[in-house]
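Given next are the chains, with one letter for each unit.
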Amino acid sequence: MAVLGIVLAVIIILAVWMAASYNGFVRLRNKSEEAFSAMDVSLKKRYDLIPNLVETVKGYAKHERGTLEAVIAARNKAAGATTAEQRIAGDSALNGALRSLYAVAEGYPELKANTNFNELMGQLSRVEEEIAGSRRYYNGVVNKYNTKVEMFPGVILANLFGFRRKPLYEVNSEEERENVKVSF
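Residues numbered from 1 in each chain as written. Predicted model: local features only at pLDDT ≥ 70, side-chain atom pairs only at ≥ 80, totals over all residues. Heavy atoms only, no water.

Asker: Run through the nonpolar core, naming residues and quoting values.
Answerer: One finds V57, V71, L101, Y138 and Y169 to be the most contacted residues of the largest nonpolar core, which totals 33 residues. Sorting the residues of this core by element identifies α1 (2-60), α2 (65-79), α3 (84-106) and α5 (115-150) as the ones contributing at least two each. The leading source of residues in this core is α1, at 10 residues. V26, L157, A158 and F163 belong to the second largest nonpolar core, which has 8 residues in total. (Core = buried A, V, L, I, M, F, W, Y, C linked by side-chain atoms within 4.5 Å. Buried < 20%, exposed > 50% of the residue type's maximum accessible area, 1.4 Å probe, protein only. Helix = DSSP H or I, 4+ residues; strand = E, 2+ residues; numbered from the N terminus.)

Asker: Give a detailed account of a nonpolar patch on the surface, specifying residues and quantitative values.
Answerer: A contiguous nonpolar patch, built from V3, V7 and I11 and spanning about 280 Å² of accessible area, is present on the exposed surface. Within the element layout of this structure, V7 appears in helix α1. On the basis of relative accessibility, which here comes to 40%, the residue V7 falls in the partly exposed class. (Patch = residues over 30% accessible without salt bridge, like charges linked within 9 Å, V, L, I, M, F, W, Y side chains within 5 Å. Areas by Shrake-Rupley, 256 points an atom, 1.4 Å probe, with all protein chains shown as cover. Salt bridge = Lys/Arg side-chain N within 4 Å of Asp/Glu carboxyl O.)

Asker: Explain the pattern of salt bridges to me, and be specific about the residues and the numbers.
Answerer: Tallying each qualifying case throughout the model produces 10 salt bridges. Notably, a salt bridge pairs K166 with E33, separated by 3.9 Å at the nearest N-O pair. On the criterion of sequence distance, the pair formed by K166 in the loop between α6 (154-161) and α7 (174-177) and E33 in helix α1 is long-range, its members being 133 residues apart. Its salt-bridge partner being R46, residue D91 comes within 2.2 Å of it at the nearest N-O pair. Of this pair, D91 sits in helix α3 while R46 is found in helix α1, placing the two residues 45 residues apart along the sequence. R46 shares its class with D91; the two are buried.

Okay, structure coming up:
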């Protein structure tokens, strides 16, 4: 009788642990999806600003067609991404294209003096700050989730219920890792 009570207690404790662990996985997965969604809102704002910025630059930098087309192509690829991995890769390509656009703008003093261009750049700068904050939050939540997925004994439940690692939002290209060169 005492052995049956002990076995029953162990089963109950194990069931409570499994339920709590499963709920923890679900909570972290949902928080990571919420964080990505919040970042997606900021990315959408950025995607909406880019055509206006390109049109403004187009008026001054007529000979930079390739750069402008590369920015629009990168924007469309990033905006059309359907998975987190595709969005992260597309955003990395867009960052590189935008760096080229900023470099083009440096070569046109009359463009840099344009009020519309300066306003768009200010808006883009604020959106970039939002995106950076959202990335930090997303990466923090995903790091907790990934840690839980990989650590024992959670790895057992993660494999049992199909919880998989999520990608961190990282700087992917060497170009993005380089310091920005500013010259006066």
